[in-house]
Amino acid sequence: QKSYVLIILDVQMPGMDGLEATRRIRSSGFKNPIIALTAHALPSETQKSLVAGCNLHLTKPINRADLIGALSEQLTSYLKT
């Protein structure tokens, strides 16, 4: 029942991974940005995140400036629509 502007999901969560969570969130009609956060940095892993419906794939460890920049970019893009 809450409204979220942006979601950050860890890809490796217990129970349900972040990619499955993303697919379910997208199937419910959520159009806002979803960011995958993971230690997996291979291009194939990035592709999996994008195919699942994530707007962006960030790798850990991530520094504060990169995270803030990514959030700003996604929010700016979202607010333009």
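Scroll up a little and you will see the structure.
This structure is a prediction, so every number in the text was calculated from the model and none was measured.

### Some details on helix α2 (residues 43–52)
Part 1 of the reasoning: Here α2 has its buried residues at Glu 45, Ser 49 and Ala 52. Looking down the long axis of α2, one finds its buried residues gathered within 70° of arc, a one-sided arrangement. Exposed residues on α2 whose side chains face more than 90 degrees from its buried face are Pro 43 and Val 51.
Part 2 of the reasoning: Buried-residue contacts for α2 involve α1 (18–27), β2 (34–38) and β3 (56–59).

### Thoughts on the sheet that holds strand β1 (residues 7–10)
Part 1 of the reasoning: Overall, parallel pairing links the 3 strands, which are arranged β1-β2-β3 in an open sheet. Of all strands in the sheet, those with a lone pairing partner are β1 and β3, marking the two edges. In this sheet, adjacent strand axes meet at a mean angle of 25° when their direction is disregarded.
Part 2 of the reasoning: The sheet contact formed by β1 and β2 spans 4 bridges and is parallel.

### Focus: the packing of α1 against α2
Part 1 of the reasoning: Where α1 meets α2, the closest approach of the two axes is 8 Å, and the angle between their N-to-C directions is 25°. Taken together, the axes of α1 and α2 lie roughly parallel to each other. Of the residues in α2, those touching α1 at Leu 19, Thr 22, Arg 23 and Arg 26 are Lys 48, Ser 49 and Ala 52.
Part 2 of the reasoning: Classifying every residue of the contact of α1 with α2 gives 2 nonpolar, 2 polar and 3 charged.

Rules used throughout
- Residues numbered from 1 in each chain as written.
- Predicted model: local features only at pLDDT ≥ 70, side-chain atom pairs only at ≥ 80, totals over all residues.
- Heavy atoms only, no water.
- Buried < 20%, exposed > 50% of the residue type's maximum accessible area, 1.4 Å probe, protein only.
- Helix = DSSP H or I, 4+ residues; strand = E, 2+ residues; numbered from the N terminus.
- Arc of directions from axis to C-beta.
- Contact = heavy atoms within 4.5 Å.
- Pairing = 2+ DSSP bridges.
- Axes fitted to C-alpha atoms, helices over the stretch in contact; angles between N-to-C directions.
- Parallel < 35°, antiparallel > 145°, perpendicular 65-115°, else oblique.
- Nonpolar A, V, L, I, M, F, W, Y, C, P; charged D, E, K, R; others polar.

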